[in-house]
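Examining the three-dimensional arrangement
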Amino acid sequence: DQQVKQNSPSLSVQEGRISILNCDYTNSMFDYFLWYKKYPAEGPTFLISISSIKDKNEDGRFTVFLNKSAKHLSLHIVPSQPGDSAVYFCAASGREAGTYKYIFGTGTRLKVLA
Amino acid sequence: GAGVSQSPSNKVTEKGKDVELRCDPISGHTALYWYRQRLGQGLEFLIYFQGNSAPDKSGLPSDRFSAERTGESVSTLTIQRTQQEDSAVYLCASSLWGAGPDTQYFGPGTRLTVL
């Protein structure tokens, strides 16, 4: 059973417009959420995170929104640039059975068109 | 400073052979994680180390998979009697303390191909 879901496997956006990537989770024990970006043949690189006590975190062109009641988070990229084209993974983390767990979604491939 | 490194970057092996994958985490990072990414799939958790002990091995898919970590640094993931379904990119990540909200930093991965 997928605890973290990214329902859109791919997304295409025009350069300069907003990219919105979505992520849903099921387990209310998650208290820290992260977004990673992955280019081909490279490992994922950390992008931005948010704690469950906040509903928004912003870093330059990247903003993450958290809606705890809906168990939903989203990553907004504005303005989108061709270099943003990559696979984006969301991850949810929290304590379960004595250890701190990280669960990753299946990723969304973003393509920014020039 | 240096990031997480993994070796080899690519490994091609024959079905039935054993392979060993290596991960060097960021110096000072207590926690170390192994993940697997099959073609077109997401990141699948395998095992987590806190220091030299592994409090969570729940993701190891079978007893052919094992991992160890020595000296709170380098870790090796061993796959015995490899099968074709083991073909994937194996990713290692480390984080500062791992016992709570933390950021994982990933290595470039080892692409394993089992013929």
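Here goes a summary of the coordinates provided. Please read these numbers as outputs of a predicted model, since none were measured by experiment.

1. Description of the overall build of chain B
Counting its secondary structure elements, chain B contains zero helices and eleven strands. Start at the N end of chain B and walk to the C end: the helices and strands fall as β-β-β-β-β-β-β-β-β-β-β. A compact globule built from 115 residues would reach a C-alpha radius of gyration of about 13 Å, and chain B, at 13 Å, matches this within 12%. When the backbone C-alpha atoms are referred to their principal axes, chain B occupies close to 40 × 25 × 25 Å.

2. What about the environment of Ala86(A)?
All names here are of chain A. One can find Ala86 in strand β9 (residues 86–96). Using a relative accessible area of 5% as the deciding quantity, one classes Ala86 as buried. Taking the C-alpha atoms as reference points, Ala86 and Tyr39, separated by 47 residues in sequence, lie 5.2 Å from one another. When near neighbours in sequence (up to four residues on either side) are disregarded, Ala86 contacts Lys37, Lys38, Tyr39, Thr108, Arg109 and Leu110.

3. Observations regarding the state of the cysteines
Working definition: the covalent bond between the sulfur atoms of two cysteines is a disulfide. Residue and element names in this part refer to chain A. Per the counting criterion, the structure on display carries two disulfides over all chains. Covalent S-S linkage joins Cys23 and Cys90, the inter-sulfur distance amounting to 1.9 Å. Every disulfide takes its handedness from the sign of the S-S torsion; for Cys23 and Cys90 that torsion is 60 degrees, giving right-handed. Of this pair, Cys23 sits in strand β3 (residues 19–25) while Cys90 sits in strand β9; the two residues are 67 residues apart in sequence, bridging distant segments of the chain. When sorted by exposure, Cys23 lands in the same class as Cys90, which is buried.

4. Describing the side chain of Lys37(A)
All names here are of chain A. Note on placement: Lys37 falls in strand β4 (residues 30–38). Here Lys37 occupies a buried position and makes no salt bridge, while the nearest side chain of opposite charge, Asp84, is found at 4.5 Å. Engagement of the side chain of Lys37 in a polar contact is seen with the side chain of Tyr39, the distance being 3.0 Å. Residue contacts for Lys37: discarding those within four places in its chain leaves Gly43, Pro44, Thr45, Leu47, Gly83, Asp84, Ala86, Val87 and Tyr88.

5. Observations concerning a nonpolar patch on the surface
Residue and element names in this part refer to chain A. Where nonpolar side chains cluster on the molecular surface, the patch consists of Ile18, Ile20 and Val78 and spans about 230 Å² of accessible area. Relative to the helices and strands, Ile20 resides in strand β3. Residue class for Ile20 comes out partly exposed when judged on its relative accessible area of 38%.

6. Observations concerning the environment of Leu46(B)
Residue and element names in this part refer to chain B. Secondary-structure assignment places Leu46 in strand β5 (residues 44–50). Residues Leu46 and Leu77, spaced 31 residues apart in sequence, show a C-alpha to C-alpha distance of 9.8 Å. The residues contacting Leu46, other than those within four sequence positions of it, are Trp34, Tyr35, Arg36, Lys57, Ser58, Gly59, Leu60, Pro61, Leu77 and Tyr90.

7. Some remarks on the nonpolar core
Residues and elements named next belong to chain A. Ranked by size, the top nonpolar core spans 24 residues in total, and within it Phe33, Trp35, Leu73, Leu75 and Tyr88 carry the most contacts. Of all the secondary-structure elements, those providing two or more residues to this core are β3, β4, β5 (45–51), β7 (62–67), β8 (72–77), β9 and β11 (108–113). Broken down by element, the residue count for this core peaks at four residues, all from β9. With residues up to four places along the chain from it excluded, the contact list for Phe33 reads Tyr25, Ile48, Ser49, Ile50, Ser52, Leu66, Leu73, Ala91 and Ala92.

8. Notes on the sheet that holds strand β8 (residues 75–79) of chain B
Residue and element names in this part refer to chain B. Taken together, the four strands give an open sheet; going across it, the order is β1-β3-β8-β7, and neighbouring strands pair in antiparallel fashion. Every other strand in the sheet has two partners, leaving β1 (5–7) and β7 (65–69) as the edge strands with one partner each. Looking at each pair of strands side by side, their axes are set apart by 15 degrees on average, direction ignored. Bridging between β7 and β8 involves five bridges; their strand directions are antiparallel. When the sheet's bridge partners are listed, Glu68 is paired in β8 with Thr76.

9. A closer look at the interface of chain B and chain A
Where interface size is given, it is often the accessible area lost as the parts come together that is meant. Residue-level contacts link 21 residues of chain B with 19 residues of chain A. Taken over both partners, the interface formed by chain B and chain A buries close to 1,600 Å², and the fraction arising from carbon and sulfur atoms is 58%. Contact with chain A buries area across many residues of chain B, yet Leu43(B), Pro101(B) and Phe106(B) alone supply 26% of it, more than any other trio. Across the contact surface, chain B and chain A share one salt bridge.

Here is what the cut-offs are and how they apply
- Sequence order as written defines the numbering, with residues in each chain counted from 1.
- Key to labels: chains lettered from A, ligands numbered from 1, both in the order written.
- It should be noted that, the model being predicted, local features are given only for residues of pLDDT at least 70 and side-chain atom pairs only at 80 or more, the latter also being counted only at that level, while totals for whole chains, interfaces and linings use all residues.
- Working from all heavy atoms in the structure, the side-chain values ignore hydrogens and water.
- Each helix is a run of H or I in the DSSP string that is no shorter than four residues. Each strand is a run of E no shorter than two, and both are numbered from the N terminus.
- The quantity called the radius of gyration is restricted to C-alpha atoms. Its globule counterpart is 2.2 Å times the number of residues to the power 0.38.
- Only protein chains enter the accessibility calculation, which uses a 1.4 Å probe; a residue is then buried when its area is under 20% of its type maximum, exposed when over 50%, and partly exposed in between.
- Here a residue-residue contact requires only that any non-hydrogen atoms of the pair lie within 4.5 Å.
- Here, the term disulfide refers to a pair of cysteine sulfur atoms separated by no more than 2.5 Å.
- For the purpose of charge, His is not counted, nor are the chain termini; Lys and Arg are scored as positive and Asp and Glu as negative.
- Salt bridges are defined by distance alone: a side-chain nitrogen of Lys or Arg within 4 Å of a carboxyl oxygen of Asp or Glu.
- N or O atoms within 3.5 Å of each other form a polar contact, as long as, within protein, one can give a hydrogen and the other can take it, and as long as residues adjacent in sequence are counted only when both atoms are side-chain atoms.
- Distance thresholds for patches are 9 Å for like charges and 5 Å for nonpolar side chains (Val, Leu, Ile, Met, Phe, Trp, Tyr), applied to residues having over 30% relative accessible area and no salt bridge.
- Per-residue and other accessible areas follow the Shrake-Rupley method at a 1.4 Å probe size, with only the shown protein chains counted as cover for residues.
- Think of a nonpolar core as a cluster: buried Ala, Val, Leu, Ile, Met, Phe, Trp, Tyr and Cys residues, connected wherever their side-chain atoms sit within 4.5 Å.
- When DSSP finds two or more bridges between two strands, those strands count as paired.
- To obtain an axis, a line is fitted to C-alpha atoms, over the contacting stretch when the element is a helix, and the angle between two such axes runs from 0 to 180 degrees between their N-to-C directions.
- For any pair of parts, buried area is found by adding up, for both, the accessible area (1.4 Å probe) each one loses once the two are put together.

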